[in-house]
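One letter stands for each residue in the lines below.
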Amino acid sequence: MGVSRGFMVIGSLYILVGMLIGMYMGGSNDHTLLPVHAHINLLGFTLMMVFGLVYRQFPEMAASALARVHFWLYQVGTLVLLVMLFLLFTARITEAAMVPLAPICEAAILVGMLCFAWNLYRNAR
């Protein structure tokens, strides 16, 4: 699976999860998971779809090693961070228990974004 398709397929799975959480919150009138819902929809769906569409528009970007590094750093960082947020807001873990894994995931997402930005600068003409 190419980077473009990978981002879009996985992004579509995240929006389904985000919608299910939203439906649960609406039906139960329990909005405890609102931050998780927002992060899933933004990090999981919106940004992944944007990345996928940009890589589709600029195939030279998608063919680069930076794209693959971006893809894997973003996937792992986002998945682990979102699971940790879910556990935090359902009171299964504390904020203290998120250290050092959450900051590492945030750094992975940031480095992935830097790869994307650099790749965009170099190849999107």
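The structure displayed is predicted, hence computed values, not measured ones.

Engineer: Account for helix α1 (residues 3-28), naming residues and giving values.
Structural biologist: Between its first and last C-alpha atoms α1 spans 37 Å; for 26 residues at 1.5 Å apiece the expected length is 38 Å, and the two agree. Residues of α1 that are buried include every one of Val-3, Ser-4, Gly-6, Phe-7, Met-8, Gly-11, Tyr-14, Ile-15, Gly-18, Ile-21 and Met-25, and no others. Close packing links the buried residues of α1 with α2 (34-57), α3 (59-62) and α4 (65-89). Looking one or two places after α1, you find Asn-29, whose phi comes out positive at around 60°.

Engineer: Before we move on, can you summarise the nonpolar core with the specific residues and values?
Structural biologist: Membership of the largest hydrophobic core comes to 27 residues, with the highest contact counts inside it found for Phe-7, Tyr-55 and Tyr-74. Considering each element in turn, this core owes the most residues, eight residues, to α4.

Engineer: Talk me through unusual backbone geometry; I want residue IDs and the actual numbers.
Structural biologist: Of note, the amide linkage connecting Val-99 to Pro-100 takes the cis form, showing an omega dihedral of 5°. With respect to the secondary-structure elements, Pro-100 resides in the loop between α4 and α5 (101-123). Of note, the phi angle at Asn-29 is positive, near 60°, even though the residue is not glycine. Position of Asn-29 relative to the elements: it lies in the loop between α1 and α2. Positioned with a positive phi, Ala-91 is a non-glycine residue whose angle comes to about 60°. You can see Ala-91 is positioned in the loop between α4 and α5.

Conventions and cut-offs
Residues numbered from 1 in each chain as written. Predicted model: local features only at pLDDT ≥ 70, side-chain atom pairs only at ≥ 80, totals over all residues. Heavy atoms only, no water. Helix = DSSP H or I, 4+ residues; strand = E, 2+ residues; numbered from the N terminus. Expected span 1.5 Å × (residues − 1). Buried < 20%, exposed > 50% of the residue type's maximum accessible area, 1.4 Å probe, protein only. Contact = heavy atoms within 4.5 Å. Core = buried A, V, L, I, M, F, W, Y, C linked by side-chain atoms within 4.5 Å.

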